[in-house]
Amino acid sequence: MKVDQDNSRDVLSGEYLEVEFKGQEIPNAMEVQRSAVFNSNLVFTVVDGRLKKEPINLIKYNEETIVFNGLKPGTELVMEPLINAKEQTEVEIIR
């Protein structure tokens, strides 16, 4: 990103600029830690107290998080990375 400085003075330390970034709305998007995603585009959800793998649509990778959509609203998503977890494993949701 470049700030056009034509006909303006230098910005001094402690001063701020107001900028506007153009973007687009992403319907039904979520942002989660990258560690919640495995095999590039899968997450674990909880359905009836059991783990279920669900594919997601990755939209943007950030340094520590990802933005995605593809899950139905209200889906219970596992946020912690799971090691050696398998589908249909019985789990308890801790809130």
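Each remark here, short or long, concerns the structure printed above.
To start, this report covers the structure provided alongside it. (Residues numbered from 1 in each chain as written. Predicted model: local features only at pLDDT ≥ 70, side-chain atom pairs only at ≥ 80, totals over all residues. Heavy atoms only, no water.)

## Regarding the environment of Glu54
Within the secondary structure layout, Glu54 lies in strand β3 (residues 50-55). Linking Glu54 and Val43, residues eleven residues apart in sequence, is a C-alpha distance of 5.5 Å. What Glu54 contacts, discounting residues up to four positions off in sequence, is Asn41, Leu42, Val43, Thr45 and Leu71. At 3.4 Å, the side chain of Glu54 forms a polar contact with the side chain of Lys52. (Helix = DSSP H or I, 4+ residues; strand = E, 2+ residues; numbered from the N terminus. Contact = heavy atoms within 4.5 Å. Polar contact = N/O pair within 3.5 Å; in protein donor to acceptor, adjacent residues only side chain to side chain.)

## Looking at the pattern of salt bridges
Inspection of the entire model under this criterion finds two salt bridges. With a shortest N-O distance of 3.7 Å, Glu90 and Arg50 are connected by a salt bridge. Taken as a pair, Glu90 in the segment after β6 (76-77) and Arg50 in strand β3 lie far apart in primary sequence, 40 residues in all. Judged by its relative accessible area of 61%, Glu90 is exposed. Judged by its relative accessible area of 33%, Arg50 falls in the partly exposed class. A salt bridge links Glu54 to Lys52, with the shortest nitrogen-to-oxygen separation between them at 3.4 Å. Given a relative accessible area of 36%, Lys52 falls into the partly exposed group. (Salt bridge = Lys/Arg side-chain N within 4 Å of Asp/Glu carboxyl O. Buried < 20%, exposed > 50% of the residue type's maximum accessible area, 1.4 Å probe, protein only.)

## Quick notes on a nonpolar patch on the surface
Residues Val11, Leu17, Val19 and Phe21 make up a contiguous nonpolar surface patch of roughly 400 Å² in combined accessible area. Mapped onto the secondary structure, Leu17 falls in the segment before β1 (30-33). A residue is classified by how much of its surface remains accessible, and Leu17, at 51% relative accessible area, is exposed. (Patch = residues over 30% accessible without salt bridge, like charges linked within 9 Å, V, L, I, M, F, W, Y side chains within 5 Å. Areas by Shrake-Rupley, 256 points an atom, 1.4 Å probe, with all protein chains shown as cover.)

Any functional reading would require information beyond the geometric quantities listed.
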